[in-house]
Amino acid sequence: MPAAPVKFAYWVPNVSGGLVTSRIEQRTDWGYDYNRELAVLAENNGFEYALSQVRYMASYGAEYQHESTSFSLALLLATERLKVIAAVHPGLWHPGVLAKLGATADHLSDGRFAVNVVSGWFKGEFTALGEPWLEHDERYRRAEEFIRALRQIWTEDHTELAGDFYRLRDFSLKPKPLNTPERPHPEIFQGGNSTAARAMAGRVSDWYFSNGKDFDGVVEQLHDVRRSAAEAGRTAPKFGLNGFLIARDTEAEARDTLREIIAKADSEAVEGFGAAVKQAGQSAADGKGMWQDSAFEDLVQYNDGFRTGLIGTPEQIAERVVAYKKLGVDLFLLGFLHYHEEVEYFGRRVLPLIRELEARLPDSEPEPAPAHA
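What comes next concerns the included structure.

Each value, and the rule that gives it
- Residues numbered from 1 in each chain as written.
- Predicted model: local features only at pLDDT ≥ 70, side-chain atom pairs only at ≥ 80, totals over all residues.
- Heavy atoms only, no water.
- Axes fitted to C-alpha atoms, helices over the stretch in contact; angles between N-to-C directions.
- Helix = DSSP H or I, 4+ residues; strand = E, 2+ residues; numbered from the N terminus.
- Parallel < 35°, antiparallel > 145°, perpendicular 65-115°, else oblique.
- Left-handed = near helix turned anticlockwise from the far one by under 90°.
- Contact = heavy atoms within 4.5 Å.
- Nonpolar A, V, L, I, M, F, W, Y, C, P; charged D, E, K, R; others polar.
- Expected span 1.5 Å × (residues − 1).
- Buried < 20%, exposed > 50% of the residue type's maximum accessible area, 1.4 Å probe, protein only.
- Salt bridge = Lys/Arg side-chain N within 4 Å of Asp/Glu carboxyl O.

What follows deals with the packing of helix α1 (residues 32-43) against helix α2 (residues 68-78). Here α1 crosses α2 at 50°, and the two axes come no closer than 9 Å. It follows from the interaxial angle that α1 and α2 lie oblique. Here α1 runs over α2; the crossing is right-handed. Counted together, Y32, N35, R36, A39 and V40 of α1 and F71, A74, L75 and A78 of α2 form the full contact between these two elements. Class assignment for the residues of the contact of α1 with α2 results in seven nonpolar, one polar and one charged.

This is how it looks when you write it as structure tokens:
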């Protein structure tokens with residue numbers, strides 16, 4: 001059978017400052033009216049998912065923000081087909097409380113709610129709220145236990161769990177989320193680039209989100225996640241890749257836009273963010289946490305989105321997207337400079353070319369990474 005078409009998600013701009021930490025003009029807005037219109041525009045231009053960001057306190061270019069779960073529900077109720085993924089932090093949420101919210105949101109949206117479990121990188125948020133800050137690998141142990149508890153609550157009655165972080169005693173949730181042929185419960189996404197994150201994804205997650213990567217980086221991560229899943233005796237999670245998309249009529253225009261974004265970067269905010277995330281990642285057992293090899297230019301798009309290389313003409317971007325798909329990427333999580341205009345441009349100019357190239361693909365397994373990725 002032909003491979004499933006590659007899927008697209010977008011970062012919901014529910015925090016101020018846009019998707020790049022730069023003083024360049026960004027015709028985007030963190031408010032609800034703008035985002036409601038954007039959600040409808042996105043689902044009509046080829047986007048299947050949207051991811052609401054989570055930030056709890058003002059910092060690093062995100063001075064204002066709307067809470068992710070409530071904002072996600074609002075977007076679900078404003079749309080008809082879009083699946084909305086709410087980012088949440090174990091340590092600030094209890095899995096039973098989130099399970100209850102998720103079940104209600106799932107019923108209200110006819111099965112379109114999803115969750116992204118974020119282990120956490122921002123120490124300042126936890127300490128400002130008086131919550132303990134765990135070291136890197138412990139945060140992932142807690143997140144794994146959180147996912148196990150969440151899935152159990154969503155699929156079983158009389159749940160029992162005696163974990164290191166969470167305890168459940170004869171807990172039953174009713175109503176449970178919708179159980180459909182496509183998914184037995186709301187999809188569970190998880191991010192993180194570290195060794196601990198990859199191993200956890202293979203053991204428990206439905207989807208693994210990667211920061212921006214070139215071809216070789218994607219191949220390495222896919223290998224690790226699939227190996228972890230095989231060792232756990234389960235099907236490997238699907239793979240989502242972050243990318244900041246700059247599609248213009250000419251490659252020169254696209255490259256000029258990228259140069260301007262970096263030239264006008266808010267250096268203080270980028271460096272503050274970089275210091276925080278590198279501290280978080282360095283505490284990984286092997287020192288290979290997220291952002292450890294990110295340069296200043298990478299951090300201007302705070303999930304290394306430039307590294308994916310979705311910058312150029314519609315034809316160039318379509319070819320690169322399909323090259324990633326051939327490696328095993330199932331979904332692209334995209335950010336834009338001017339959301340309304342560029343989401344529409346993507347649907348009109350880029351997506352048809354991607355679908356045309358996909359239709360030419362043979363039915364085959366993912367290919368090795370192209371040379372000089």
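This part is about helix α11 (residues 314-327). For α11, which comprises 14 residues, the first-to-last C-alpha distance of 20 Å matches the rise-based estimate of 20 Å (1.5 Å per residue) to within 8%. Of all the positions in α11, only P314, I317, A318, V321, V322, Y324, K325 and L327 are classed as buried. Positive backbone phi, approximately 130°, marks G328, located one or two places after α11.

Our focus in this paragraph is the pattern of salt bridges. Think of it this way: side chains of opposite charge can pair up when their charged atoms draw near. Scanning the entire structure with this criterion turns up 27 salt bridges. Residue E25 pairs with R27 through a salt bridge whose shortest N-O separation is 3.3 Å. Among the residues examined, R27 registers a relative accessible area of 37% and is labelled partly exposed. The partner of D298 in a salt bridge is R307, with the nearest N and O atoms 3.1 Å apart. You can call R307 partly exposed: its relative accessible area is 22%.

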